[in-house]
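Structural features, examined
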Amino acid sequence: MKKGLLIVVSGASGTGKGTVCKELLARERGVAFSVSATSRTPREGEQDGREYYFRTRTEFETMIAEGAFLEYADVYGNYYGTPLAPIEARRSAGEDILLEIDTQGALNVMERCPDGTFIFLLPPSLEELRRRITGRGTESKESLARRLAAARDEIRLGRRYRYAVLNDTVENAAAQIQTILAAERLRADMNPSQFDI
Ligand code: ADP
Ligand code: 5GP
């Protein structure tokens, strides 16, 4: 059985990862979303097991000790981690799985899973990134400044990814990722013997 794709979408906070991934999942019904665990408190409307598995710091640390994560990171003071077991299970069953994670996490996954499809999402500009973070209304002034400063460093690491996608409009970004996935699937399916090569 052919292994499913491990798709990693990353980029600086506020670029639009969550928004673009939601659009992508609506277009690509066969792709499963990797639900992460986090120690942050749920936002309004978020459900345990849907957006995240919400855990205490102690519970999270137990999971780390048990080796339950493919990767985990401390992102702006909270733990976030990708559970390992569902990823292995889905990929072995030939299903594609999508990880929407921060840049530290993505670099760690690159080390452990070099066969992944790594996609770096870019904002049109730092000014637009500032507008998006402010518009989302979830950050304090101090947190906004911290995220913008971190964004410069994160964007510098963008070249390590195989693909870069500009999030100018959500539709364009999702469509570009679909093109990347189509190419990756074709590459995985390629069988030279079909072509007398
Ligand atoms: P991230 O998951 O990368 O932190 P979000 O998906 O939460 O980012 O998006 C940050 C804000 O930017 C949200 O308010 C979202 O609606 C907005 N946004 C996302 N993509 C775009 C886009 N292409 N054009 C304009 N606004 C966008
Ligand atoms: P938020 O709290 O806004 O949902 O997410 C904050 C940041 O954590 C985002 O950049 C998001 O991509 C990242 N994130 C979510 N899940 C994971 C994960 O499992 N691992 C890592 N490393 N980052 C994650």
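Parameters at a glance
- Residues numbered from 1 in each chain as written.
- Chains lettered and ligands numbered in written order.
- Predicted model: local features only at pLDDT ≥ 70, side-chain atom pairs only at ≥ 80, totals over all residues.
- Heavy atoms only, no water.
- Pairing = 2+ DSSP bridges.
- Helix = DSSP H or I, 4+ residues; strand = E, 2+ residues; numbered from the N terminus.
- Axes fitted to C-alpha atoms, helices over the stretch in contact; angles between N-to-C directions.
- Contact = heavy atoms within 4.5 Å.
- Expected span 1.5 Å × (residues − 1).
- Buried < 20%, exposed > 50% of the residue type's maximum accessible area, 1.4 Å probe, protein only.
- Arc of directions from axis to C-beta.
- Near = heavy atom within 4 Å.
- Polar contact = N/O pair within 3.5 Å; in protein donor to acceptor, adjacent residues only side chain to side chain.
- Areas by Shrake-Rupley, 256 points an atom, 1.4 Å probe, with all protein chains shown as cover.
- Nonpolar A, V, L, I, M, F, W, Y, C, P; charged D, E, K, R; others polar.

A few points about the sheet that holds strand 9 (residues 163-166)
With parallel pairing, the five strands of this open sheet are ordered in space as 2-7-1-8-9. At either end of the open sheet lies a strand with only one pairing partner, and these are strand 2 (31-33) and strand 9. Neighbour-to-neighbour, the strand axes of this sheet turn through a mean angle of 25°, independent of strand direction. The sheet contact formed by strand 2 and strand 7 (residues 96-100) spans three bridges and is parallel. Of the residues in strand 7, the one forming a bridge with Phe33 is Leu98. Most of the contacts of helix 4 (residues 103-112) go to strand 1 (residues 6-10), to which it runs at about 150°, and overall it touches strand 1, strand 7 and strand 8 (117-122). This element, helix 7 (residues 170-189), spans strand 1, strand 2, strand 7, strand 8 and strand 9 of the sheet and lies at about 155° to strand 9.

Section: helix 7
Residue pairs three or four apart in sequence face the same way in an α-helix, which turns once every 3.6 residues. The terminal C-alpha atoms of helix 7 lie 29 Å apart, and with 20 residues this matches the ideal 28 Å at 1.5 Å per residue to within 8%. The set of residues buried in helix 7 consists of Ala173, Ala174, Ile177, Ile180, Leu181 and Glu184. Down the axis of helix 7, the smallest arc covering the buried residues is 120°, so these residues share one side. Exposed residues lying more than 90 degrees from the buried face of helix 7 are Thr179 and Leu186. Close packing links the buried residues of helix 7 with strand 1, helix 1 (17-27), strand 8 and strand 9.

Concerning the site of ligand 2
The immediate surroundings of ligand 2 are formed by 15 residues, with Ser36, Arg40, Tyr52, Glu71 and Tyr80 found nearest. Taking Lys17, its side chain carries an N or O atom lying 3.3 Å from an oxygen atom of ligand 2. The protein chains hide 92% of the 510 Å² of surface that ligand 2 would expose on its own. Elements supplying a minimum of two residues to the shell around ligand 2: strand 5 (69-75) and strand 6 (78-83). Considering only residue class, the shell around ligand 2 consists of five nonpolar, four polar and six charged.

Note that every value here comes from positions in space, so none of it alone points to a role or purpose.
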